[in-house]
Amino acid sequence: MKSIRVVFILLLLSFFAEGRTLIIQKSSDSVNQPETLIEANEQIKIAMISSPNVIGKYSQTLYNVSLATLLSLRNTNFVIQRYDMVDESSVALAEVLEKVRHDDMDAILAPLTASGARNLVEMETKIPVFIPTMHKRDIPSAGENFTFGGIDYVAQIEALLPYMSDSIAIFYDTSNVGTQLNGDTEEVFLAHKSEKKKVASYAVDTKGENIISHLAKPAKFNKSSVILHIPVVKSALLTAHMTFTGVKERNILSTQINLDPTLLTLTQYADRKNMILANSLIEFPSRIYESNALMHNDITVDWIQYATSVGIDYLVSRLDNTSREYTMRLINSQVIYPVELVRAKEYGFESLTAR
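We now turn to the structure provided with this report. (Residues numbered from 1 in each chain as written. Predicted model: local features only at pLDDT ≥ 70, side-chain atom pairs only at ≥ 80, totals over all residues. Heavy atoms only, no water.)

1. A short note on the overall build of the protein
To keep things clear, this is the line we draw: The helix and strand labels rest on DSSP assignments: H or I over at least four residues marks a helix, E over at least two residues marks a strand, and numbering proceeds from the N terminus. Any residue under 20% of the maximum accessible area for its type is buried, any over 50% is exposed, and the rest in between are partly exposed; the area is computed with a 1.4 Å probe on protein chains only. Any two residues whose heavy atoms approach within 4.5 Å at even a single point are treated as in contact. Computed with a 1.4 Å probe, the accessible areas rest on the Shrake-Rupley method; for each residue, only the protein chains presented here act as cover.
When helices and strands are counted, the protein shows 13 helices and 14 strands. Counting only residues that meet the buried cut, the protein has 54% of its 355 residues in that class. The contacts of the protein with a sequence gap of at least 6 include a subset with a gap of at least 24, amounting to 71%. Carbon together with sulfur atoms contributes 52% to the accessible area of the protein, which is approximately 15,600 Å² in total.

Below is the structure:
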């Protein structure tokens, strides 16, 4: 029965393998209020710039989140206009910024990959820009008009550190995000743990086909903390095979990447009973949450949707000088998210600790 489940997850993994992974990274800024604030009876005009060819379904999804959040904050006294680009090249970004200037937009929401964000910060623009997909740490050259809403994966790894044994096994995919998370985990672990420490890293291929070979000697993972920097379907396959082969790990740890209800449906409780995950999606202002729920936007699980709603709230507050609904601090133009740890229980996720 377990082998059938592994095969089933492999089929699902193959189905999802063609999907794109949105890259998480960062930038730098200090906040200056615009000289002319928008009055309560004036329209706020926000441009959303993205490339559907690069971020796929997120172009429409994040537009929907922006619309729902603006409805909750400004009723109908706003304009949200989507500007699609063929790609995230400097040429495409320059063209779209010219359109944004021509249309006299007040601010920009820019859900871009790392490459696109780096290109954007090199552009000549003074308009306020919020990048929900990046953390400022990764783009320190950004100007004062840029603000960032990316999740801080380093902070999440540090929150998981007390639960890591002296031996860790890191499974990561070969995307830019996975590779960076692997490096960040090694750095945090080796900087803080005792002298008796052991790190092993395992790159997981696009379809997860080498997971079984990685686990060919299950005894070498016994008493280790297994750290997952792979998407949820691959994580389900790996944890199922760990159970099947009898791995006796100390625990299984993961960041926001696996905090997904799909994990509960793709795994049995035996697969995830030792799993602890870091979560930064904690605060949900009622009117923003309700407006998004009515439009079937899931800001409670999808961190990019969540960061987009945080970004729209920030841009509105900056433009019309009203209080923000979200209370997370901004330090050096980066949203500072709290981190809580949760267990993957039989029927859901249960809070373990918070900081």
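2. Quick notes on the packing of helix 4 (residues 90–102) against helix 5 (residues 114–121)
Here is the rule we go by: Orientation is described by lines fitted to C-alpha atoms, with helices fitted over the stretch in contact, and by angles between N-to-C directions that extend from 0 to 180 degrees. Relative orientations are named as follows: roughly parallel for angles under 35 degrees, roughly antiparallel for angles over 145 degrees, roughly perpendicular for angles from 65 to 115 degrees, and oblique for any other angle. We call a crossing left-handed when the near helix sits turned anticlockwise from the far one by less than a right angle, and right-handed when that turn is clockwise. All amino acids are sorted into three groups, where Ala, Val, Leu, Ile, Met, Phe, Trp, Tyr, Cys and Pro are nonpolar, Asp, Glu, Lys and Arg are charged, and the leftover types, Gly among them, are polar.
Orientation of helix 4 relative to helix 5, taken along the N-to-C sense of each, is 55°, at an axis distance of 9 Å. Overall, the two elements helix 4 and helix 5 adopt an arrangement that is oblique. In terms of crossing hand, the pair formed by helix 4 and helix 5 is right-handed. Every residue of helix 5 that contacts helix 4 at Ser90, Leu93 and Leu97 is listed here: Gly116, Asn119 and Leu120. Broken down by class, the residue content of the contact of helix 4 with helix 5 amounts to three nonpolar, three polar and no charged.

3. Description of unusual backbone geometry
For Asn332, which is not glycine, the phi torsion reads 50° and is therefore positive. Positionally, Asn332 belongs in the loop between strand 11 (330–331) and strand 12 (334–335). We note that Ser333 has phi near 65°; this positive angle belongs to a residue other than glycine. Among the structural elements, Ser333 can be located in the loop between strand 11 and strand 12.

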